[in-house]
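Spelled out from the first residue to the last, the chains are:
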Amino acid sequence: QSLAKCRQGVLVVNASRGGVVDEQALLEAVESGRCGGAALDVYQTEPLPPDSPLRKHPKVLVTPHLGASTFEAQQAISIDAARAALAYLRGQSVRGAVNVTGLRMDLDPVQECFVDLAQRMAQLISPMVTRGFAAVSIELTGRQLASAAGTIERKTLVGLLKDHLDTPLNVINVSHMAAQRGIKTRTVSIEQDTLAGEQIAIEIQGHHTEDAPPRRIVGRVYHDMRPRVIEINGYHMDMVPAGFMVLIQNEDRPGMVGLVGMEFGNAAINIADMAISRKGDTALMLLKVDEPPTDALLNRLKHRPGIRKVALVRLPAEIGCK
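Not measured: the values here are computed from a predicted model. For every chain, the first residue of the written sequence is number 1, and numbering continues from 1 onward in sequence order. Two thresholds apply to this predicted model, a pLDDT of at least 70 for residue-level local features and 80 or more for giving and counting side-chain atom pairs, whereas whole-chain, interface and lining totals are computed over all residues. Side-chain numbers come from the whole structure's heavy atoms, not from hydrogens or water.

Caption draft 1: Just helix 7 (residues 256–266), in detail. For helix 7, every residue scored as buried is listed here: M256, L259, V260, E263 and F264. Buried positions in helix 7, seen along its axis, are confined to an arc of 125° and lie on one side of it. Turning to helix 7, the residues buried within the fold contact strand 10 (244–251), strand 11 (271–279), strand 12 (282–289), helix 8 (295–302) and strand 13 (307–314). Every helix listed is a DSSP run of H or I at least four residues long, and every strand listed is a run of E at least two residues long, numbered separately from the N terminus. Trailing helix 7 by a residue or two, A268 shows a phi angle of about 60°, which is positive. Buried means the residue's accessible area, taken with a 1.4 Å probe over protein chains only, is under 20% of the maximum for its type, while exposed means over 50%, and partly exposed covers the values in between. Taken from the helix axis, the directions to the C-beta atoms give the arc we talk about. Here, two residues are considered to be in contact whenever any of their heavy atoms come within 4.5 Å of each other.

Caption draft 2: Expanded view of unusual backbone geometry. Residues E46 and P47 are joined by a peptide bond in cis, for which omega reads -5°. Mapped onto the elements of the fold, P47 is located in the loop between strand 2 (35–40) and strand 3 (60–62). Despite not being glycine, A268 shows a phi value in the positive range, around 60°. Its place among the elements puts A268 in the loop between helix 7 and strand 11.

Caption draft 3: Molecular detail of the sheet that holds strand 8 (residues 227–232). Strand pairing is assigned whenever DSSP identifies at least 2 bridges connecting the two strands. Taken in spatial order, the six strands line up as 5-4-6-7-8-9 in an open sheet, and their pairing is mixed. Every interior strand has two partners, whereas the edge strands, strand 5 (184–190) and strand 9 (235–239), have only one. Each strand of the sheet is rotated relative to its neighbour by a mean of 15°, with strand direction disregarded. In the sheet, strand 7 (residues 215–221) pairs with strand 8 via five bridges, with the strands oriented antiparallel. Paired with V221 across the bridge in strand 8 is P227. Across the sheet, helix 3 (residues 109–125) lies against strand 6 (199–206), strand 7 and strand 8, angled at about 150° from strand 7, the strand it touches most. Only the stretch in contact is used when fitting a helix axis, every axis being a line fitted to C-alpha atoms; angles between N-to-C directions are given from 0 to 180 degrees. Against the sheet, helix 5 (residues 149–161) makes contact with strand 4 (133–141), strand 5 and strand 6, and its axis sits at roughly 140° relative to strand 4, the strand it touches most.

Structure, rendered in structure tokens:
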């Protein structure tokens with residue numbers, strides 16, 4: 001019917017999808033002269049059946065679904081793919097990928113610093129979730145972080161899961177891996193500037209929620225462009241997350257700092273930095289040490305009276321944000 005409405009001698013070209021053109025109607029239009037000729041690269045059935053009358057019709061040109069199979073097109077595609085790969089490896093952008101919706105690599109210096117901080121924060125809080133990950137909630141405060149939300153979310157998931165899975169994780173596959181394991185992910189952007197500046201808060205819910213409260217970590221980047229953790233599970237502090245870090249939750253009573261210092265001193269491990277915060281009848285120590293403590297040292301600490309939890313986290317060295 002559509003061909004019947006066309007002018008006499010219309011030419012038909014279909015290089016889009018098979019089925020867009022009714023092949024039987026097209027043949028009839030060619031035979032009647034309504035269609036002056038046709039060029040087809042796609043068909044209702046591919047490959048085109050050997051006995052199809054389209055193959056030998058003098059007014060029909062058929063090609064085997066060539067698409068971009070010319071030399072020039074293949075060369076252009078190869079160059080474009082190489083440029084896209086180099087841009088990704090340089091951390092500039094991700095172009096042309098169909099499985100990275102919302103991921104941006106062309107970030108400004110502040111956004112880059114927060115992306116790096118998010119993964120470090122996730123690695124730092126991960127050992128404190130002992131019942132598996134059921135849900136991850138990320139809250140971004142500040143207009144500047146909204147456009148980087150997708151990248152921050154993926155980097156957070158990589159930081160949380162990388163030490164728990166045998167499969168290598170990256171920003172491309174991590175969302176799929178999390179979804180496969182039933183982990184619900186939610187990212188919220190509060191697009192308003194505050195006096196304190198931009199902020200990331202990550203909250204993780206483990207399984208058996210009735211007796212396992214969410215684990216929460218908060219971080220900021222100040223004017224000196226150094227990322228900092230400012231809260232872990234309600235314990236307030238100020239620490240640059242980098243290198244070998246030890247989290248120790250203990251009863252809040254005299255002698256605990258001395259006990260921890262003595263154990264590290266006896267093991268000849270230098271404590272480079274320490275943050276201590278109190279909440280209720282417990283305290284949290286966050287130590288940055290020059291070298292990783294041995295399993296023997298960590299086990300001794302775990303069995304000391306008053307020590308409730310001990311966890312070692314290996315983070316990358318601090319990188320200077322631009």
